[in-house]
Amino acid sequence: MATRVQITYSPNLFGEIVAGMDKKQVINDTEDYVINELSGESSGHDWWHVYRVRNNAMEIAKSEKGADLFVVELAALLHDIADYKLHGGDTTIGPKTARKWLNSKNVEKDVTNHVVKIIEEIDFKGAGVKSVPTTLEGKIVQDADKLDAIGAIGIARTFAFGGKFGAEIYNPGVKPVLHKSFKAYKNSKGGPVINHFYEKLLLLKDRMNTKSAKRIAIARHKYMEDFLKRFYDEWDGRS
Ligand code: ADP
Ligand code: NI
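Structural notes, computed from the coordinates. (Residues numbered from 1 in each chain as written. Chains lettered and ligands numbered in written order. Predicted model: local features only at pLDDT ≥ 70, side-chain atom pairs only at ≥ 80, totals over all residues. Heavy atoms only, no water.)

Brief notes about the coordination of the nickel ion (ligand 2)
For the nickel ion (ligand 2), every protein donor is listed as His49 (NE2), His79 (NE2), Asp80 (OD) and Asp145 (OD), and the spread of their distances is 2.1 to 2.2 Å. Viewed at the metal, the four donor atoms of the nickel ion (ligand 2) are separated by angles of 85 to 172°, and the geometry they form is irregular. When the donors of the nickel ion (ligand 2) are listed by position in the chain, the intervening gaps give H-x29-H-D-x64-D. Of the two residues, His49 is situated in helix α2 (residues 47-63) and Asp80 in the loop between α3 (69-78) and α4 (93-104); the sequence distance between them amounts to 31 residues. (Donors = N, O, S within 2.8 Å, 3.2 Å for Na, K, Ca; no water. Tetrahedral: all angles 85-135°; square planar, octahedral: opposite > 155°, others 65-115°. Helix = DSSP H or I, 4+ residues; strand = E, 2+ residues; numbered from the N terminus.)

Okay, structure coming up:
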């Protein structure tokens, strides 16, 4: 079982209860819900991905003035509750599932709407498509999610995803495709796993929204470049 991240939400007149909503309880229940839904998932969208994204997000939020930590934590926990790639390409199922859960917990409408909007906005949509979330909280959660797509963990997740969906490791005859629209990205059958580095992973460093994520991304990016160099060296028998 994961350790719980300790966040103190500022008490108001009614202690921690805001408009019938106990924030700590909502977070704990949401964490249990996500553990239950995503534990054991094998394409890299499992509970431990969410756990790392939540921790990354809370770290980044500490350096960004004025972020609503409750919104950041809820959005990080729920961002992959029903990913379209694992649900027949349906991009509405994630936001809908999150809304249903938050409604069942009587979370304030404003908070629910904001969390759902973040889930709608944070996905990578293709090499040629800009997708910058409209709020600070969305930017933070997107950065946290992107950080988990690069570096050693990013490499591991990408090969896990490729294996699960039947992709080759590498095929020098198949070139990467820089998708110009979300539709093209979403509908692409997916080439060899190495191509995904060029189609997405190596582009993420320059798309970070916050300074603190950018700093972490630089080292993770370098690690992927070193990995690819070594991969080609071994492939061609140079080392
Ligand atoms: P985001 O949360 O940024 O939208 P995704 O959910 O699309 O990211 O992807 C999460 C991770 O799943 C990627 O970083 C990668 O590791 C893996 N993945 C997604 N699509 C592919 C693919 N076509 N080939 C290999 N790995 C993939
Ligand atoms: Ni994610």
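A short note on the packing of helix α1 (residues 23-38) against α3
Relative orientation of the contacting elements α1 and α3 amounts to 10°, with a least axis distance of 10 Å. Relative to α3, the element α1 lies roughly parallel. Of the two possible hands of crossing, α1 and α3 adopt the one that is left-handed. For the pair formed by α1 and α3, the contact residues are Lys23, Val26, Ile27, Thr30, Glu31, Tyr33 and Val34 on the first element and Phe70, Glu73, Leu74, Leu77 and Leu78 on the second. (Axes fitted to C-alpha atoms, helices over the stretch in contact; angles between N-to-C directions. Parallel < 35°, antiparallel > 145°, perpendicular 65-115°, else oblique. Left-handed = near helix turned anticlockwise from the far one by under 90°. Contact = heavy atoms within 4.5 Å.)

Looking at the pattern of salt bridges
What the rule picks out here adds up to 15 salt bridges. Three or more residues are tied together by salt bridges with common partners; here these are Lys229, Asp233, Asp236 and Arg238. (Salt bridge = Lys/Arg side-chain N within 4 Å of Asp/Glu carboxyl O.)

Focus on the side chain of Gln142
Among the secondary structure elements, Gln142 is positioned in helix α6 (residues 136-147). Overall, Gln142 belongs to the buried group, its relative accessible area being 1%. Residue contacts for Gln142: discarding those within four places in its chain leaves Glu121, Ile122, Ser131, Pro133 and Asn209. (Buried < 20%, exposed > 50% of the residue type's maximum accessible area, 1.4 Å probe, protein only.)

What to know about the packing of aromatic side chains
The tally for this structure, following the rule as stated, stands at 16 aromatic pairs. Ring geometry for Tyr170 against Phe231: centres 5.7 Å apart, planes inclined by 80°, an arrangement best described as edge-to-face. Of the two residues, Tyr170 is situated in the loop between α7 (151-164) and α8 (182-187) and Phe231 in helix α10 (residues 211-235); the sequence distance between them amounts to 61 residues. One exposure class covers both Tyr170 and Phe231, and it is buried. The ring of Tyr84 has Lys85 lying over it, and the distance from NZ or CZ to the ring centre is 4.6 Å. The positively charged end of Lys125 is found above the aromatic ring belonging to Phe182, 5.7 Å away from the centroid. (Phe/Tyr/Trp six-rings, centres within 6.5 Å; stacked < 30°, edge-to-face > 60°. Lys NZ or Arg CZ within 6 Å of the ring centre and 35° of its normal.)

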